[in-house]
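Okay, here's what each chain looks like letter by letter:
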Amino acid sequence: MTEGDEQGHSDLRRTIKATAASPSQCSKMAENSTLFHCLKEEGISVALTHDTLDARSIMDEVRSPKAGAIVLFAGTTRDSFDSKPVLHLSYESYPPLALQTMLSIARAIRQKHSLTAITIIHRLGVVPIGEASVLIAVSAPHRQAAWKGGEEALEDVKEKVEIWKLEEFGGEEGGIWRANRDGAAGCQSG
């Protein structure tokens, strides 16, 4: 790690503490993380991390006595793409912009579907086969709003958030960088 990297990590940790609301799951996760970016406001939490995602903690983040339903979506790395074996996926983003986009999506979805709470967390860096790259949890008084809100949040995240993925195939083919969208064209890596 270079001196500039250390300074950047220090600045990010200060930013995390400034943007997280009071002592919260957001700041607790940041303290135990190698690199974590988070924005939080009442009923909404969005985050980017290099750590393994924890579905239970994300569900607990949206749990409320006002909610009769919690829906969790977990997007995982599969072992193939277009009949080619995938070694792993790797995700990169520009966190300040990606977090603001995620927050905007969460606000709109929460309001549109009258959700009690919504949490969106996306993993960055290498994500091995079978591990989660994105978790979206929503809670609502009734299941229909939770189902619709969760699905719409996923589609908006895939369509709009500034996250790019590298699909590593190994061998001579290497990998392909593409926007984190279904059907997005890619370009050969390195």
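Above this note sits the structure.
None of these values were measured; they are calculated from a predicted model.

S.K.: Explain the sheet that holds strand S7 (residues 117–123) here, please?
M.R.: Strand pairing in a sheet relies on backbone hydrogen bonds, with the paired strands running either antiparallel or parallel. As summarised here, the arrangement of the 5 strands in space is S1-S2-S7-S9-S3, forming an open sheet in which the pairing is mixed. Sheet topology places strand S1 (36–41) and strand S3 (69–76) at the edges, where each strand pairs with a single neighbour. Adjacent strand axes in the sheet meet at a mean angle of 5°, parallel and antiparallel pairs treated alike. In the sheet, S7 pairs with strand S9 (residues 132–140) via 6 bridges, with the strands oriented antiparallel. For Ile121, the partnering residue across the bridge sits in S9 and is Leu135. In the packing of helix H3 (residues 55–62) onto the sheet, the strands contacted are S1, strand S2 (44–49), S3, S7 and S9, and the crossing angle to S9 comes to about 25°. The strands that helix H4 (residues 95–112) touches are S1, S2 and S7; relative to S2, the one it contacts most, it runs at about 150°.

S.K.: Whenever I open this one, the pattern of salt bridges confuses me. Can you help?
M.R.: It is possible for side chains of opposite charge to pair when their charged atoms get near one another. Here the structure, examined in full by the defined rule, presents 7 salt bridges. Residues Asp60 and Arg63 are paired through a salt bridge, measuring 3.1 Å at the closest nitrogen-oxygen approach. Judged by its relative accessible area of 48%, Arg63 is partly exposed. With a shortest N-O distance of 2.6 Å, Arg123 and Glu131 are connected by a salt bridge. We classify Arg123 as buried; its relative accessible area is 6%. Through salt bridges with shared partners, a single network forms among Lys165, Glu167 and Arg178.

S.K.: Help me understand the nonpolar core, please; the structure alone is not making it clear to me.
M.R.: Taken as a class, soluble globular proteins show a tendency for nonpolar side chains to be buried jointly. Within the largest apolar cluster, 34 residues are counted, with the highest numbers of intra-cluster contacts made by Val46, Ile118, Ile120 and Ile136. Of all elements in the fold, only S2, S3, strand S6 (88–93), H4, S7, S9, helix H5 (143–160) and strand S10 (163–170) reach the threshold of two or more residues within this core. For this core, the element with the highest residue contribution is H4, accounting for 7 residues. Leaving out residues up to four positions away in the same chain, Val46 has contacts with His37, Cys38, Leu39, Leu99, Met102, Leu103, Ala106 and Ile120.

S.K.: Help me understand the environment of Trp164 in this model?
M.R.: With respect to the secondary-structure elements, Trp164 resides in strand S10. Its relative accessible area of 38% is what places Trp164 among the partly exposed residues. Measuring from C-alpha to C-alpha, the distance between Trp164 and Arg178 comes to 5.8 Å, with 14 residues separating the pair along the chain. Residues in contact with Trp164, not counting those within four places in the same chain, are Ser90, Tyr91, Glu92, Ser93, Tyr94, Trp177, Arg178, Ala179 and Asn180.

Reading the values: rules and limits
- Residues numbered from 1 in each chain as written.
- Predicted model: local features only at pLDDT ≥ 70, side-chain atom pairs only at ≥ 80, totals over all residues.
- Heavy atoms only, no water.
- Pairing = 2+ DSSP bridges.
- Helix = DSSP H or I, 4+ residues; strand = E, 2+ residues; numbered from the N terminus.
- Axes fitted to C-alpha atoms, helices over the stretch in contact; angles between N-to-C directions.
- Contact = heavy atoms within 4.5 Å.
- Salt bridge = Lys/Arg side-chain N within 4 Å of Asp/Glu carboxyl O.
- Buried < 20%, exposed > 50% of the residue type's maximum accessible area, 1.4 Å probe, protein only.
- Core = buried A, V, L, I, M, F, W, Y, C linked by side-chain atoms within 4.5 Å.

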